[in-house]
Amino acid sequence: MNNQTAISEELKAWILEQQDSRYTVERACDDKTESIILKTDSASATITLYSIEYTICELRVVDAKQENVFYLHFELNDLDHAKGLFLEMKESLLKQKTDTAIHVLLCCTCGLTTSYFTMNLNESVRVMGMKMDFDAVPYDKLYESAQDKDVILIAPQIGYQLKKARAILSDKLVLEIPAAIFSRYDVFGLINLIKDEYEKHKQSETVQAEGVQELVSTEGSTLILSVIDMEGRTQLAYRVYGQNEIVMQNQIVKERYRAEDICDVIGSVLRMNQNIRTICLVSPGSFHEGKLTYEKGNIFNFDVRTNIEEKFGIRTLTINDTDAIALGYSQKELNGEMAAFYFVPSGEYAGNIGISAYGRIFGTAGHMGGSQLAGITDITTFPKNPYALAKTPEGNVALCARYLTGLITYTGCSHIAFYAKMIPDTSELIQEIGKFIRPEYIPQIVRVNSVREYLYDGAMYYINSRKDS
């Protein structure tokens, strides 16, 4: 019995000893894999051991909607480390809600009319024994209250906000309450509408879940590991390129980003593709000579580049995520011409800015016009507390306009792209910027719907530009 097999047997025995009244345990196996499945009323966790010439441990938690809320795979070399990751997975499993109700949020201008409607709705579904519950909020609380809801209902008097709400809450069912139903407080009419539309919505959803992939072998492959904060979770996505073609990709989902996750992912990927010659880590935070500082992840001056190179013996490059996105956008959309990219995850009051021109990344500002000095007070004085502004689309526009005005003023950048889920309408942003800058000085501003491909393109360009360094 080799060391990994011994660790695997110890881990399985230890997991089975951890049995808990809050979940049931099942086992499954075939020629190459063995699984332990933990099930609650609302979610399931699967620990799968893939044994070929080595052992890969895959941990996955799937909620009642069949969505991955936790997913990680790593080479099984250290029993204590594996136990720690199992406990993290178990914590995620037990966090999932135990009900299967449809959670509905009603929204109107100030929340008064929808609050009365909500009382009648909750009483009716209680009497009928239906698994559905209702809450009501004023419009300025909509987006901070919508995250744990399944259905969002917009009252007729703010129906003009429907398009914006659908764009921002794109993963949810967002409907306008018909005026005929709202004016009569037609409880049964609204409940039937929700049931019909929610069923259609669920049928249209697709679930993407990739497991550990088969061994591939492509000479001189490149591994890009990207870390992005998105919607309250950390996404560690990787892609392996072989001769400029994608030969492997997957995504890790975790609530916490730890420095150890980086080597876990790299180790298991290297076992599946043993011909990787270059690794590029793309991460939020700041890099200085390969050392990463990312306060949100409690990572401070961690020499990640040296750590990877010493552990795996593979040349490693590091780049900030927004810098990679800016570089990829400049190369793909503007043939390398100057572009700035503003990236802000939902709920953050301040995003990140990367600037790229002709294959270079600029970490400092360029120049500033003297006539703009008086405007510094305007763009750094917020109309409300920045944390409060981050909770509404209008507040995000106010924040973003001030940040981009400073960027335009200091650098003279002629093209800006941005990703901000809470800002679906570029014209509103440009109008707000126009309060600080005359229209003829506002550069081209473009909203993008996704950053992942720009990030990978930028990382590949960065790798190729440093082949001889």
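Quick caveat, the model's predicted, so the values are computed rather than measured.

Engineer: What should I look at first to understand unusual backbone geometry in this one?
Structural biologist: Leave glycine aside and you will find that most residues have negative phi; peptide bonds, for their part, are mostly trans. The backbone of N301 shows a phi angle near 50°, a positive value even though the residue is not glycine. With respect to the helices, strands and loops of the structure, N301 is situated in strand β16 (residues 299-303). You will see that N335, though not glycine, has its phi angle at about 55°, which is positive. Inspection of the secondary structure puts N335 in the loop between α10 (321-334) and β18 (339-344).

Engineer: Help me understand the environment of D135 in this model?
Structural biologist: Its place among the elements puts D135 in strand β7 (residues 132-138). You can call D135 partly exposed: its relative accessible area is 36%. Sequence-wise, D135 and F362 are 227 residues apart; in three dimensions their C-alpha atoms are separated by 47 Å. If sequence neighbours within four positions are ignored, D135 has contacts with V104, L105, L106, T118 and K149.

Engineer: Explain the side chain of Q161 here, please?
Structural biologist: Residue placement: Q161 occurs in the loop between β8 (151-154) and α5 (162-168). If sequence neighbours within four positions are ignored, Q161 has contacts with Y139 and E394.

Engineer: Is there a simple way to explain the pattern of salt bridges in this structure?
Structural biologist: Note on pairing: side chains with opposite charge can pair once their charged atoms come close. Scanning the model with the defined rule gives 30 salt bridges in all. Here E432 and K435 are joined by a salt bridge, their closest N and O atoms 2.9 Å apart. Under the relative-accessibility criterion, K435 is labelled exposed at 60%. A network of salt bridges, in which partner residues are shared, links E88, E91, K95, K254, E255, R256, R258 and D261.

Engineer: Please clarify how the nonpolar core should be interpreted in this entry.
Structural biologist: Most often, soluble globular proteins keep nonpolar side chains buried together rather than apart. Core analysis: the biggest nonpolar cluster contains 54 residues, and L11, L38, I47 and M89 have the highest contact counts within it. No other element matches helix α8 (residues 259-272), which puts eight residues into this core. Once you skip the residues sitting within four places of it in the chain, M89 turns out to touch L38, A45, T46, I47, L59, R60, V61 and F70. Core analysis: the next-biggest nonpolar cluster, separate from the first, contains 28 residues, A237, I319, A326 and Y454 among them.

Engineer: Looking at this structure, I do not really get the pairing of strand β6 (residues 102-108). What am I missing?
Structural biologist: On a regular strand, each side chain points to the face opposite its neighbour's, so the side chains alternate between the two faces of the sheet. Taken across its seven residues, β6 has seven buried, putting it largely inside the fold. A two-sided burial pattern is seen for β6, the buried positions comprising I102, V104, L106 and C108 on one face and H103, L105 and C107 on the other. Two elements, β6 and β7, share seven bridges in a ladder whose sense is parallel. Bridge pairing in β7 links L106 to A136. After leaving β6, the chain enters helix α3 (residues 112-128) and then returns to the sheet as β7, a path that is right-handed. Where β6 lies against β8, four bridges are found, and the strand directions are parallel. Bridging from a neighbouring strand, V104 pairs with V151 of β8.

Engineer: Even after reading the chapter, I still don't get the side chain of S92, so can you show me in this structure?
Structural biologist: Following the sequence through the fold, S92 ends up in helix α2 (residues 79-95). What S92 contacts, discounting residues up to four positions off in sequence, is V61, V69, F70 and E255.

Engineer: Would you mind showing me how to read the packing of helix α1 (residues 3-17) against α2 here?
Structural biologist: The N-to-C vectors of α1 and α2 enclose an angle of 35°; their axes lie 10 Å apart at closest approach. The handedness of the crossing between α1 and α2 is right-handed. Mapping the contact onto sequence places I7, E10, L11, W14 and I15 in α1 and L79, A82, K83, F86 and L87 in α2.

What counts as what
- What you see as residue numbers is a count from 1 along each chain, following the sequence as written.
- This being a predicted model, a pLDDT of at least 70 is required before a residue's local features are given, and a value of 80 or more before pairs of side-chain atoms are given or counted; all residues contribute to the totals for chains, interfaces and linings.
- Only hydrogens and water are set aside; all other atoms, that is, all heavy atoms of the structure, feed into the side-chain values.
- By the criteria applied, helices consist of DSSP H or I runs no shorter than four residues and strands consist of E runs no shorter than two, each listed in order from the N terminus.
- Working definition: with a 1.4 Å probe on protein chains only, accessible area under 20% of the residue-type maximum means buried, over 50% means exposed, and in between means partly exposed.
- We call two residues contacting when some pair of their heavy atoms lies within 4.5 Å.
- Salt bridge criterion: a side-chain nitrogen from Lys or Arg within 4 Å of a carboxyl oxygen from Asp or Glu.
- Here the nonpolar core consists of buried residues drawn from Ala, Val, Leu, Ile, Met, Phe, Trp, Tyr and Cys, with membership extended through side-chain atoms lying within 4.5 Å.
- If DSSP finds at least two bridges between two strands, the strands pair.
- Here, the term right-handed applies to a crossover whose path from the first strand over the helix to the second runs clockwise when the strands point away from the viewer.
- Axis definition: a line fitted to C-alpha atoms, limited for helices to the stretch in contact. Angles are taken between N-to-C directions and run from 0 to 180 degrees.
- Should the near helix be turned counterclockwise from the far one by less than a right angle, the crossing is left-handed, whereas a clockwise turn marks it as right-handed.

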